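Observations on the three-dimensional arrangement
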Amino acid sequence: MKKYKHLFGPVPSRRFGRSLGIDLTPYKTCSFDCIFCQLGRTTTKTLERRDYVPIKEVTGELDEWIHSGGEADYITLSGSGEPTLHARFGEVIEFVRAASSIPVVLLTNGSALGIPEVRAAAAKADVVKVSLSAGDEASFNYINRPHPALNLAGLIAGMQTFRQEFDGRLWLEIFMIWGVNSTQKEVAQLAEWARSVHPDRIQLNTAVRPPAEGFVRPMPRQKLQSLTVGFDPPAEIIAEFSSDITSASKANEETILAMLQRRPCTEKDISDALGLHLNEVAKYLGKLQRTGRIETPAIRHNPYYICRSNDICSVSRN
Ligand code: SF4
């Protein structure tokens, strides 16, 4: 299978079926540095919008993938940071829409939606998924660790304005962290903000993949479930607690286990060796941790993952 520089997957996902990812920023360029980020800590925290990767390379790869019969349920702008920081992300969406009938999803933290040209570019997508995790400014600073020029009021105002202008599907993801934003007061505030944005869907997620900071704990499924009715529209749970796996993801998990059986590896080691995007590696490591097949590293920043034991890691090497 051909390996691309800016495309990854298609990744099997409960939310998006098989999703082809487009990475528009170098690792890890974001306006936030969320404590729960599955990509680790932000190395370049910025609001600067520029051509982080050459757009011609991205559209060239997309053209090749589409014309080689590439199939996916969605094409998703996500990757190694915040995609709206790329000054020309709207052109990528336009390209996909002209060249393919596959719907385009933009995954964004919403921090640039206060900028009219960003809203205009984002509105070209079929689905825009924004995120919210904090009910007040103090919580925003603690959880999302944003660029100093950002605040929660501006973030929500940007989302509200975008909703007024955007006819497509707007989904709002709320990331819940056990003991951090799970108090009744904070959940009530999150529900109020969510209602004010008028999303088509509200999705609750929690830390089921390795987070940037080791103290981040996932919210138990029953607790998450009890929150769903407090949102309008009622929220759905998108955290992948389930152990259901496709054959493609099963094969990748076994390959990662085989690597870890030979030696401890970081996410980056696995990503480089297997040609998987860090997003995909985090997904598989999360599943392997939840099923007890690998150990959770004590140090979260750039940790080494190890097999729990050779018995547990009895994987096929054929
Ligand atoms: S979770 Fe998203 S918004 Fe937060 S630091 Fe990671 S990439 Fe940025």
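Residues numbered from 1 in each chain as written. Predicted model: local features only at pLDDT ≥ 70, side-chain atom pairs only at ≥ 80, totals over all residues. Heavy atoms only, no water.

**Looking at the pairing of strand β8 (residues 169–176)**
Counting buried positions along β8 gives seven out of eight residues, so the element sits mostly inside the fold. For β8 and strand β9 (residues 201–206), the ladder comprises six bridges, and the chain directions are parallel. Residue pairing in the sheet places I174 in a bridge with L204 of β9. In this fold, the crossover linking β8 to β9 by way of helix α6 (residues 184–197) has right-handed handedness. (Buried < 20%, exposed > 50% of the residue type's maximum accessible area, 1.4 Å probe, protein only. Helix = DSSP H or I, 4+ residues; strand = E, 2+ residues; numbered from the N terminus. Pairing = 2+ DSSP bridges. Right-handed = clockwise from strand over helix to strand, strands pointing away.)

**Section: the packing of aromatic side chains**
Under the counting rule described, the total for this entry stands at four aromatic pairs. With a centroid separation of 5.5 Å and 80 degrees between ring planes, the pair formed by F32 and F140 is classed as edge-to-face. Of this pair, F32 sits in the loop between β3 (29–30) and β4 (44–45) while F140 sits in helix α4 (residues 137–143), and the two are 108 residues apart along the sequence. Note on F32: relative accessible area 4%, which makes it buried. What makes F140 buried here is its relative accessible area of 1%. Both rings, one in Y142 and one in F215, keep their centres 6.3 Å apart while their planes meet at 35 degrees; by these two values the pair is tilted. Taken together, the positions of Y142 in helix α4 and F215 in the loop between β9 and α7 (221–227) put the pair 73 residues apart, joining distant regions of the chain. Classification of F215 as partly exposed rests on a relative accessible area of 43%. The aromatic ring of W171 is capped on one face by R201, whose charged end is 4.4 Å from the ring centroid. (Phe/Tyr/Trp six-rings, centres within 6.5 Å; stacked < 30°, edge-to-face > 60°. Lys NZ or Arg CZ within 6 Å of the ring centre and 35° of its normal.)

**Things to note about the domain arrangement of the chain**
Assigned domains within the chain: domain 1 (7–237) and domain 2 (247–307). The centre of domain 1, based on its C-alpha atoms, is set 23 Å off from the matching centre of domain 2. Listed by partner, the interface residues are 21 residues for domain 1 and 16 residues for domain 2. Between domain 1 and domain 2, roughly 1,500 Å² of surface is buried when both sides are summed, and carbon and sulfur atoms account for 57% of that area. The largest contributions to the domain 1 side of the interface with domain 2 come from P12, R209 and P210, which together make up 33% of the buried area. Put simply, domain 1 and domain 2 have zero salt bridges between them. At the boundary of domain 1 with domain 2, the tally comes to two residue pairs in polar contact (both at pLDDT 80 or more). Looking at the side of domain 1 that touches domain 2, the element that brings in the most residues is strand β1 (residues 7–13), giving five residues. (Domains from an automatic or database assignment. Contact = heavy atoms within 4.5 Å. Buried area = accessible area lost by both parts, 1.4 Å probe. Salt bridge = Lys/Arg side-chain N within 4 Å of Asp/Glu carboxyl O. Polar contact = N/O pair within 3.5 Å; in protein donor to acceptor, adjacent residues only side chain to side chain.)

**Re the packing of helix α1 (residues 55–67) against helix α2 (residues 89–99)**
Where α1 meets α2, the axes come as close as 10 Å, and the angle between the chain directions of the two elements is 20 degrees. With respect to α2, the element α1 is oriented roughly parallel. Crossing of α1 against α2: the hand is right-handed. Contact residues: α1 offers I55, V58, T59, L62, D63 and I66, while α2 offers E91, V92, F95, V96 and A99. In the contact of α1 with α2, the residues fall into eight nonpolar, one polar and two charged. (Axes fitted to C-alpha atoms, helices over the stretch in contact; angles between N-to-C directions. Parallel < 35°, antiparallel > 145°, perpendicular 65-115°, else oblique. Left-handed = near helix turned anticlockwise from the far one by under 90°. Nonpolar A, V, L, I, M, F, W, Y, C, P; charged D, E, K, R; others polar.)

**Some points on the environment of S101**
Inspection of the secondary structure assignment puts S101 in the loop between α2 and β6 (104–107). Judged by relative accessible area, which is 75%, S101 ranks as exposed. Linking S101 and S133, residues 32 residues apart in sequence, is a C-alpha distance of 33 Å.

**Looking at helix α5 (residues 152–165)**
The end-to-end C-alpha distance of α5 is 20 Å, a good match for the 20 Å that 14 residues give at a rise of 1.5 Å each. Residues of α5 that are buried include every one of L152, L155, I156, G158, M159, F162 and R163, and no others. Viewed end-on, α5 has its buried residues packed into an arc of 155 degrees, placing them on one side of the element. (Expected span 1.5 Å × (residues − 1). Arc of directions from axis to C-beta.)

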